[in-house]
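Single-letter residue listing:
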Amino acid sequence: MDKQVSKSKPGIGHNSSSTQVQIRRWAVEDVEIWEPAKEQAGDLPKDELALQIELIREVGQPRPLPARERADGRIEVVSGAYIISAIENCNLLGLRPELKVELRIFQSLNDDAAYRLLAQDAEPGVRASPFARALLFDRAVKHFGSETKAAAACKVAKSTISKNRDVTRAAKALGDKIIVRRDITQRSAMWLMTHLGRHPHNGAPDAVPVHREKLLTAIDALEPGTATQVFAALRKAMKDDLRAKQRKGVTSLMFRGSTIGELRRKPNGDLRLEFRNVGEIEAEELAAITREAISSARRSS
């Protein structure tokens, strides 16, 4: 069923509690895929999958995939599962002998370490869409119990998880109005959720954004379309309301539907930050809001 290729030292970089690591080749049909990894693999666009198929046919599998032995004895891949899809397609093309998947098998790899591996594969994520990353972080938050704990386990900033999760929030709010959810960008999702409102925070709901009701009405009136079409229609429907509070050279800093400050462009082009009514906000979240405002100001200059 499998052929041992080599032995490797224990560990996944500096983060693993795993032991007895071995490199093996297994028949694709004998390999299971961890559900969160399966979601990431299913997100791969057809053109990217075709590229992976061509690369594997020419030079072989790029690297062993991290896997673990389950309690029932089955081998389960926890990251990079799109490679399995590519190998399956190669075998369907009639290649002989059939290709096997090369695995780096950890005898003791818990879910905490598996989430960490998958997060490293998906973030910043050349292949993973914003929606796929958001699904991953939604699962991680549910598994670890909070965004703070999930961020620590996945070795990413808490603001990274918070921002990415706006994509699945936006997809849920838009429902069947979006034809392809993977095309929702993080920036558009953050815009929508800032004006629509997010989930309760620490058991208490966020303050209701002033434009929420009109935005909900605009969503109801939408025709199904691409992400670009849907967000363009929403911005058009809201432009008068959102413009009323905007001044030239001034970008509002928003947090949970409330203005916490402004970013002003001085006559010489320099940017100046002014904060007010910030209250309690984590440093990472404040930094993320500030970075987004600066990027927006630079794009519009």
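Residues numbered from 1 in each chain as written. Predicted model: local features only at pLDDT ≥ 70, side-chain atom pairs only at ≥ 80, totals over all residues. Heavy atoms only, no water.

**Comments concerning the nonpolar core**
Reasoning step 1: Residues Val77, Val101 and Leu103 are the most contacted members of the largest nonpolar core, which totals 47 residues.
Reasoning step 2: Sorting elements by how many residues they give to this core places helix α4 (residues 111–122) first, with seven residues.
Reasoning step 3: Those residues in contact with valine 101 that sit more than four places away from it in its chain are Arg24, Arg25, Trp26, Val28, Val31, Gln61, Leu65, Ile84 and Ile87.
Reasoning step 4: The next biggest cluster of nonpolar side chains, apart from the first, holds 22 residues, and it includes Phe131, Leu174, Leu222 and Ala227. (Core = buried A, V, L, I, M, F, W, Y, C linked by side-chain atoms within 4.5 Å. Buried < 20%, exposed > 50% of the residue type's maximum accessible area, 1.4 Å probe, protein only. Helix = DSSP H or I, 4+ residues; strand = E, 2+ residues; numbered from the N terminus. Contact = heavy atoms within 4.5 Å.)

**So, unusual backbone geometry**
Reasoning step 1: A positive phi angle is found at lysine 155, which is not glycine, with a value near 60°.
Reasoning step 2: Residue classification places lysine 155 among the exposed positions, given a relative accessible area of 51%.

**What to know about the pattern of salt bridges**
Reasoning step 1: A complete count under the given rule lists 16 salt bridges for this structure.
Reasoning step 2: Salt-bridge contacts for glutamate 76 lead to arginine 68; the nearest nitrogen and oxygen are separated by 2.9 Å. The pair formed by glutamate 76 and arginine 68 is uniform in burial state, with each residue classed as buried.
Reasoning step 3: In this structure, the salt-bridge partner of glutamate 76 is arginine 70, at a minimum N-O distance of 3.5 Å. (Salt bridge = Lys/Arg side-chain N within 4 Å of Asp/Glu carboxyl O.)

**What to know about a nonpolar patch on the surface**
Reasoning step 1: On the surface, a cluster of nonpolar side chains totalling about 280 Å² of accessible area is made up of Leu51, Leu55 and Val59.
Reasoning step 2: As for its placement among the helices and strands, valine 59 is situated in helix α2 (residues 46–59). (Patch = residues over 30% accessible without salt bridge, like charges linked within 9 Å, V, L, I, M, F, W, Y side chains within 5 Å. Areas by Shrake-Rupley, 256 points an atom, 1.4 Å probe, with all protein chains shown as cover.)

**Brief notes about the packing of aromatic side chains**
Reasoning step 1: Counted under the stated rule, the structure contains two aromatic pairs.
Reasoning step 2: A centroid spacing of 4.9 Å and a plane angle of 70° characterise the contact between tryptophan 34 and tyrosine 115, whose relative ring orientation is edge-to-face. A residue pair is termed long-range when its members are at least 10 positions apart, and tryptophan 34 in the loop between β3 (31–33) and α1 (35–42) and tyrosine 115 in helix α4 qualify at 81 residues. For the residue pair tryptophan 34 and tyrosine 115, the accessibility class agrees, reading buried in each case.
Reasoning step 3: On the numbers, 5.7 Å between centres and 65° between planes, the contact of tyrosine 115 with phenylalanine 144 is edge-to-face. Placement of tyrosine 115 in helix α4 and of phenylalanine 144 in helix α5 (residues 130–144) is noted, with a sequence separation of 29 residues between them. (Phe/Tyr/Trp six-rings, centres within 6.5 Å; stacked < 30°, edge-to-face > 60°.)

**Details of α4**
Reasoning step 1: For α4, built from twelve residues, the straight-helix expectation of 16 Å at 1.5 Å per residue is met to within 8% by its first-to-last C-alpha distance of 16 Å.
Reasoning step 2: Taken together, the buried positions of α4 are occupied by Ala113, Ala114, Tyr115, Arg116, Leu117, Leu118, Ala119 and Ala122.
Reasoning step 3: Packed against the buried residues of α4 are α1, β4 (65–69), α5 and α6 (147–154).
Reasoning step 4: Capping the start of α4 is the job of one residue whose side-chain oxygen sits 3.2 Å from the backbone nitrogen of aspartate 112: asparagine 110. (Expected span 1.5 Å × (residues − 1). Polar contact = N/O pair within 3.5 Å; in protein donor to acceptor, adjacent residues only side chain to side chain.)

**Examining the packing of α6 against helix α7 (residues 158–174)**
Reasoning step 1: Two elements in contact, α6 and α7, have axes separated by 9 Å at closest approach and are oriented at 115°. Here α6 is positioned roughly perpendicular relative to α7, judged by the angle of their axes. Regarding α6 and α7, the two cross each other, and that crossing is right-handed. Contact with α6, carried on its side by Glu147, Thr148, Ala150 and Ala151, involves Lys158, Ile161, Ser162, Arg165 and Arg169 of α7 and no other residues of that element.
Reasoning step 2: Of the residues that constitute the contact of α6 with α7, the class distribution is three nonpolar, two polar and four charged. (Axes fitted to C-alpha atoms, helices over the stretch in contact; angles between N-to-C directions. Parallel < 35°, antiparallel > 145°, perpendicular 65-115°, else oblique. Left-handed = near helix turned anticlockwise from the far one by under 90°. Nonpolar A, V, L, I, M, F, W, Y, C, P; charged D, E, K, R; others polar.)

**Details of the packing of α4 against α5**
Reasoning step 1: Two numbers describe how α4 lies on α5: the axes approach to 11 Å, and their chain directions differ by 160°. Here α5 runs roughly antiparallel to α4, going by the angle between their axes. As for how α4 packs across α5, the hand of that crossing is left-handed. Contacts between α4 and α5 involve Asp111, Asp112, Tyr115, Leu118, Ala119 and Ala122 from the former and Arg133, Leu136, Phe137, Arg139, Ala140, His143 and Phe144 from the latter.

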